[in-house]
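Listed below are the residues making up each chain.
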Amino acid sequence: MATAVLGLQWGDEGKGKITHLLAREAEMVVRFNGGPNAGHTVIDHGVKFGTHLVPAGVFYPDTVNVLAGGMVLDLEILRGEVDAIAAHTGRTPELVIAETAHLILPYHRLLEELEGSGARFGTTRRGIAPTYRDKAAKVGIRAGDLHRPDELARRLTWRLGALKRQWPDSEEVGGLNAVELTEDLLSTAEPFIDSVGDATAAIAAALAERRNVLFEGAQGTLLDIDHGTYPYVTSSSTTYAGLANSIGVPEPAVSHRLGVVKAYQTRVGEGPFPTELDDEIGAALQRRGGEFGVTTGRPRRCGWLDLVALRYAIALNGTTDLALTKIDVLTDCDEIKVCRAYEIEGVEIDRFPASGEVLAQCTPVYDVLSGWTEPLDGIASFRDLPEAAAAYVERVEQAAGVPVEMLSVGAEPEATIYRGL
Ligand code: IMP
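The rules behind these values
Residues numbered from 1 in each chain as written. Predicted model: local features only at pLDDT ≥ 70, side-chain atom pairs only at ≥ 80, totals over all residues. Heavy atoms only, no water. Helix = DSSP H or I, 4+ residues; strand = E, 2+ residues; numbered from the N terminus. 1 Å grid on protein atoms, 1.4 Å probe; cavity = no way out; pocket = protein on both sides within 12 Å on 5 of 7 lines; lining within 4 Å. Points joined across faces, edges and corners; volume = space filled by probe spheres on them. Nonpolar A, V, L, I, M, F, W, Y, C, P; charged D, E, K, R; others polar. Domains from an automatic or database assignment. Contact = heavy atoms within 4.5 Å. Buried area = accessible area lost by both parts, 1.4 Å probe. Salt bridge = Lys/Arg side-chain N within 4 Å of Asp/Glu carboxyl O. Polar contact = N/O pair within 3.5 Å; in protein donor to acceptor, adjacent residues only side chain to side chain.

### Some thoughts on unusual backbone geometry
Phase 1 of the analysis: A cis amide bond, omega 5°, links tyrosine 230 with the succeeding residue proline 231.
Phase 2 of the analysis: Structurally, proline 231 can be placed in the loop between β10 (213-216) and α10 (240-247).
Phase 3 of the analysis: Notably, aspartate 12 is not glycine yet its phi reads approximately 60°, a positive angle.
Phase 4 of the analysis: Turning to its location among the elements, aspartate 12 is positioned in the loop between β1 (2-7) and α1 (15-23).
Phase 5 of the analysis: In this structure, histidine 45 takes a positive phi of about 45° despite not being glycine.
Phase 6 of the analysis: Mapped onto the elements, histidine 45 comes out in the loop between β3 (40-44) and β4 (47-51).

### Overview of the layout of surface pockets
Where empty space is left in the structure can be found by rolling a water-sized probe over the atoms.
Phase 1 of the analysis: Space inside the second largest pocket adds up to approximately 240 Å³.
Phase 2 of the analysis: Around the second largest pocket, the lining residues are Asp74, Leu75, Glu76, Ile104, Leu105, Pro106, Arg109, Leu181, Asp184, Leu185 and Thr188.
Phase 3 of the analysis: Taken together, the elements giving at least two residues each to the lining of the second largest pocket come down to α2 (75-89), α3 (106-115) and α8 (178-189).
Phase 4 of the analysis: If you tally residues by element for the lining of the second largest pocket, the top one is α8, at 4 residues.
Phase 5 of the analysis: By residue class, the composition of the lining of the second largest pocket is 6 nonpolar, 1 polar and 4 charged.

### A word on the domain arrangement of the protein chain
Phase 1 of the analysis: Examined at the domain level, the protein chain breaks down into domain 1 (3-101 + 192-254) and domain 2 (261-418).
Phase 2 of the analysis: Here domain 1 and domain 2 have C-alpha centroids that lie 24 Å from each other.
Phase 3 of the analysis: Across the contact, 31 residues belong to domain 1 and 42 residues belong to domain 2.
Phase 4 of the analysis: Of the roughly 2,800 Å² buried where domain 1 meets domain 2, counting both sides, 62% is carbon and sulfur surface.
Phase 5 of the analysis: For the domain 1 face of the interface with domain 2, the top three residues by lost area are Leu8, Trp10 and Lys17, together amounting to 26%.
Phase 6 of the analysis: The interface formed by domain 1 and domain 2 holds 1 salt bridge in total.
Phase 7 of the analysis: Residues aspartate 12 and arginine 300 are paired through a salt bridge, measuring 3.2 Å at the closest nitrogen-oxygen approach.
Phase 8 of the analysis: If you look at where domain 1 meets domain 2, you find 16 residue pairs in polar contact (both at pLDDT 80 or more).
Phase 9 of the analysis: A per-class count over the side of domain 1 that touches domain 2 returns 14 nonpolar, 14 polar and 3 charged.

As structure tokens, this is what we get:
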């Protein structure tokens, strides 16, 4: 059976822990979007990792880990991660790198700074947007180009020439050298060369053989390039539809589409956020939830759960089940609010607007639920939840129209409550 784990908010929903748990059973784990802008927190045998590129299967033996074509890869970061994982597990993980995945090169980060887009949008400054832009402009460098060094050198020479004409006053751009860049890239890529190949065929075969394949989403639905809060989005498709395109399998038939939703809302970087709390409660959520970016260390903005946005995300992904994370962080709130609708110009709407500008004008309409004071750690069954916590879960399910399959009440793998237990 194939499963997809997809974030239903603005990223940071706790996908890292969930995929780490599910990857235990998986034969293949596939990352299909984004790049090192992602930061997945994983606790493996008591050791905390913040992974950026490697799929969650790297922690287990005999699991094939695929970096699919929709991704953008920074091979230096990948190398650091693979070395760290190998030191921890004692094994070098098996990787398949799509020949169609694009490479993030040093000039992509530089361009993000020169253009000021990092500051304007509060990006992760990992060169993500310039790399996806080069892909769309057909001037990108792909992993498959590593197999053809002469062609790679020619393309880099041409690309750097164009950049130098575009940025005549930049010393940093002026100092870029195509020969050095090609040599550095080939040297960094050396351990991965044999892993670069036809990822589409590998994924299609695993699906056809009905193997246990886990698709690991990065970022979240509201950051999707097409369906998110544009222009405050990332540059890749973060939804189920994007998955199919990235892997090159038209109907991947993923019957289990697990949407990960945090029990409250967070956002890092710029962009509209109707339920944001600029008060003591928001500060408490940030403190208790440890809401600081894994990739950038930036504090995350916090607020109440937005059910309008959740319904929108569920519809976009065809979500079948939910993993509700960090509900323990809500313990000790006197009351808990959930946003059931927006108000704009005196009119109540329950639809998520396509425009970030319109969303910025929306004010939340809240339902108020009771809080609870009992700690949730150590609870093993839904039946043992405090009444108010159970009511909260039911309210989320009612709005979502799909069941909560698992609850996460702490960072460790054991701090998970499964439905039916
Ligand atoms: P970029 O992906 O670096 O271009 O950043 C674009 C926006 O997406 C910024 O607001 C980032 O903070 C946000 N973003 C990108 N990746 C993640 C993630 O993995 N978690 C949360 N936010 C992210």
